[in-house]
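Each chain, letter by letter, is given below.
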Protein chains: 2
Amino acid sequence: MQKSDSTLDNRAARPRGRPRAFDRARALAAATRLFWAKGYEATSIADLTEAMGIGAPSLYAAFGAKDALYAEALRYYEATYEHLVWGRFRTASTARDAVTAYLLDSAAVLTGGPDDHPLGCMVTLSAVGSEGHAELGEMVRKARAVTLQRLEACLSAAVATGELPASTDVHGQARLIQAIQAGMSILARDGASRDELEAVARRAVAGWGAGF
Amino acid sequence: MQKSDSTLDNRAARPRGRPRAFDRARALAAATRLFWAKGYEATSIADLTEAMGIGAPSLYAAFGAKDALYAEALRYYEATYEHLVWGRFRTASTARDAVTAYLLDSAAVLTGGPDDHPLGCMVTLSAVGSEGHAELGEMVRKARAVTLQRLEACLSAAVATGELPASTDVHGQARLIQAIQAGMSILARDGASRDELEAVARRAVAGWGAGF
DNA sequence: TCTATTTTGTAATGATCGATATGGAAATTG
DNA sequence: CAATTTCCATATCGATCATTACAAAATAGA
């Protein structure tokens, strides 16, 4: 994957010339925050170079193009924040606990989380793709589709174990949870507090079992 | 308000010069659909003039500027589609019927409705304001806030009439309904069908009373 | 018909967009 | 040391952005 594994063999494939003066990962994090807060179209190269602390040639040398940088920022976003939202979901012992944890942890992350990142979900609120960038639009649409698949898998497993009755409409219930979590992103963007979103999450699972 | 009432006296205040060649209301409707589908930033004047079938000078003569046109499009959107979503909500006799109607009618409108307008809600999915247009951002934020106020008023009235217990957390329940409806916009934008969203709506109110 | 008034289409404005070319300074390897 | 490679700043590219001169065209009242 990588050209060199610096922790094991940083001598062999070390390039010849002047080393890169900026921290690529830190620059990518800055770009991610900017895309996250402003969206793809509204974020200009000038905005990016200023936030990343580098010049335009360095940006293009390191990331290729604006859409490639966005794609990488999206992967960085998922790699960095995915476990904060889905970690307890995966280790929960019941579907109800999993969904509860998913919504509660979403409430925390969407409103700022541990660091003070932008509000809302970068994937959920992204409107890229509606303006011509079809490939980027497909990326975020697929990322949004993963949510539904995970919820359906969780609920299907709960049906298999008997936690939920066999008559459960797995797809419909997953769609409802997906809608609630997506809606929480919009409320967070408009300034809803973490407490408010946690109340939404708890209220959403309070009716657990009513519609199965 | 108007300079002339054309239905009663269309002879007196007829302007002097060359008459406008295009239908202003139809042009505004076209602009609204474009802003609705693509958002403010991604919609260019060239896009607008092409969709409206007019030249740029005509657009500026009739609407002033791009942000003024967007503001007018937003008012047109609300005036045209508001009653499709909130009509049965207002005339319902119980809060439960009102919320059910609100979510079911939202499902219909968000997925295309009677005409085949863009998917999702123009107000909910709008990201304008995060890129410098503060006044437009305030407009859409206020429009989103109206949803919460109406839901809270409905639930408060239901508490007063005894339909809901006095211990009801009106604000929290309104937030949940708001989140569900907002999330339905995002699902609709990604292609969820009307049937799917109606199922979400029905499932959302199936647990009615569990969290009060 | 004549003139005043308003809209029209064409084309141009300056600004900014994403993306590159240039070029000298800096840093690492051999 | 020399060679190499990347750095950054600046300047520039064509394209597109929102906006507007400009003059022809079309209608009203005279």
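Located above this text is the structure these notes cover.
Since this is a predicted model, take the numbers as computed values, not measurements.

A. Expanded view of the protein's contact with DNA strand C. In the vicinity of DNA strand C, 23 residues are found, and the nearest of them are A:I45, A:Y60, A:K66, B:G17 and B:S58. Protein-adjacent atoms of DNA strand C, using a 4 Å cutoff, are sugar or phosphate at a proportion of 71%. Elements that contribute at least two residues to the surface near DNA strand C include exactly α3 (56–63) of chain A together with α3 (56–63) of chain B. Top element by residues in the surface near DNA strand C is α3(A). It accounts for 3 residues. In terms of residue class, the surface near DNA strand C is made up of 10 nonpolar, 6 polar and 7 charged.

B. Geometry of the protein's contact with DNA strand D. By nearness alone, 21 residues border DNA strand D, and A:R18, A:S58, B:I45, B:Y60 and B:K66 come closest of all. Sugar and phosphate atoms represent 69% of those atoms of DNA strand D found within 4 Å of the protein. Contact between DNA strand D and B:R16: a sugar or linking oxygen at 2.9 Å from a main-chain N or O atom of the residue. At the level of secondary structure, the elements contributing two or more residues to the surface near DNA strand D comprise α3 of chain A together with α3 of chain B. Examining the composition of the surface near DNA strand D, we find that 3 residues originate from one element, α3(B), more than from any other. Counted by class, the surface near DNA strand D contains 9 nonpolar, 5 polar and 7 charged residues.

C. Representation of the packing of helix α4 (residues 66–91) of chain B against helix α6 (residues 134–161) of chain B within the structure. Residue and element names in this part refer to chain B. It is at 11 Å that the axes of α4 and α6 come closest, and there the two elements cross at 10°. On the basis of the axis angle, α4 is roughly parallel to α6. Along this stretch, α4 crosses α6, giving a crossing that reads as right-handed. Contact with α4, carried on its side by D67, Y70, A71, L74, E78, E82, W86, F89 and R90, involves E135, L136, M139, V140, A143, T147, R150, L151 and C154 of α6 and no other residues of that element.

D. Region of the structure containing α3(A). Residue and element names in this part refer to chain A. Inspection of α3 places L59, A62 and F63 among the buried residues, and these make up the whole buried set. The buried residues of α3 occupy an angular sector of 75° when the element is viewed end-on, so they sit on one face. Facing away from the buried side of α3 by over 90 degrees, the exposed positions are P57 and A61. Residues of α3 that are buried make contact with α1 (24–38), α2 (45–52) and α4 (66–91).

E. Region of interest: the pattern of salt bridges. Inspection of every chain in the model, using the stated rule, returns 21 salt bridges over all chains. A salt bridge links A:R90 to A:E82, with the nearest nitrogen and oxygen atoms 2.9 Å apart. Notably, a salt bridge pairs B:R175 with A:E196, separated by 3.1 Å at the nearest N-O pair. Of this pair, B:R175 sits in helix α7 (residues 170–189) while A:E196 sits in helix α8 (residues 194–206), placing the two residues on different chains. For the residue pair B:R175 and A:E196, the accessibility class agrees, reading buried in each case. Where salt bridges share partners, they join A:E82, A:R90 and A:R150 into one cluster.

F. Inspection of the interface of chain B and chain A at higher detail. At the junction of the two partners, chain B supplies 36 residues and chain A supplies 37 residues. Together, the buried faces of chain B and chain A total about 2,900 Å²; carbon and sulfur atoms form 60% of this surface. Here chain B and chain A share 6 salt bridges between them. Run the count over chain B and chain A and you get 14 residue pairs in polar contact (both at pLDDT 80 or more). At the level of secondary structure, the elements contributing two or more residues to the side of chain B that touches chain A comprise α1 (24–38), α6, α7 and α8 (194–206) of chain B. Tallying contributions element by element places α7(B) first for the side of chain B that touches chain A, with 14 residues.

Thresholds, definitions, all that
Residues numbered from 1 in each chain as written. Chains lettered and ligands numbered in written order. Predicted model: local features only at pLDDT ≥ 70, side-chain atom pairs only at ≥ 80, totals over all residues. Heavy atoms only, no water. Near = heavy atom within 4 Å. Helix = DSSP H or I, 4+ residues; strand = E, 2+ residues; numbered from the N terminus. Nonpolar A, V, L, I, M, F, W, Y, C, P; charged D, E, K, R; others polar. Polar contact = N/O pair within 3.5 Å; in protein donor to acceptor, adjacent residues only side chain to side chain. Axes fitted to C-alpha atoms, helices over the stretch in contact; angles between N-to-C directions. Parallel < 35°, antiparallel > 145°, perpendicular 65-115°, else oblique. Left-handed = near helix turned anticlockwise from the far one by under 90°. Contact = heavy atoms within 4.5 Å. Buried < 20%, exposed > 50% of the residue type's maximum accessible area, 1.4 Å probe, protein only. Arc of directions from axis to C-beta. Salt bridge = Lys/Arg side-chain N within 4 Å of Asp/Glu carboxyl O. Buried area = accessible area lost by both parts, 1.4 Å probe.

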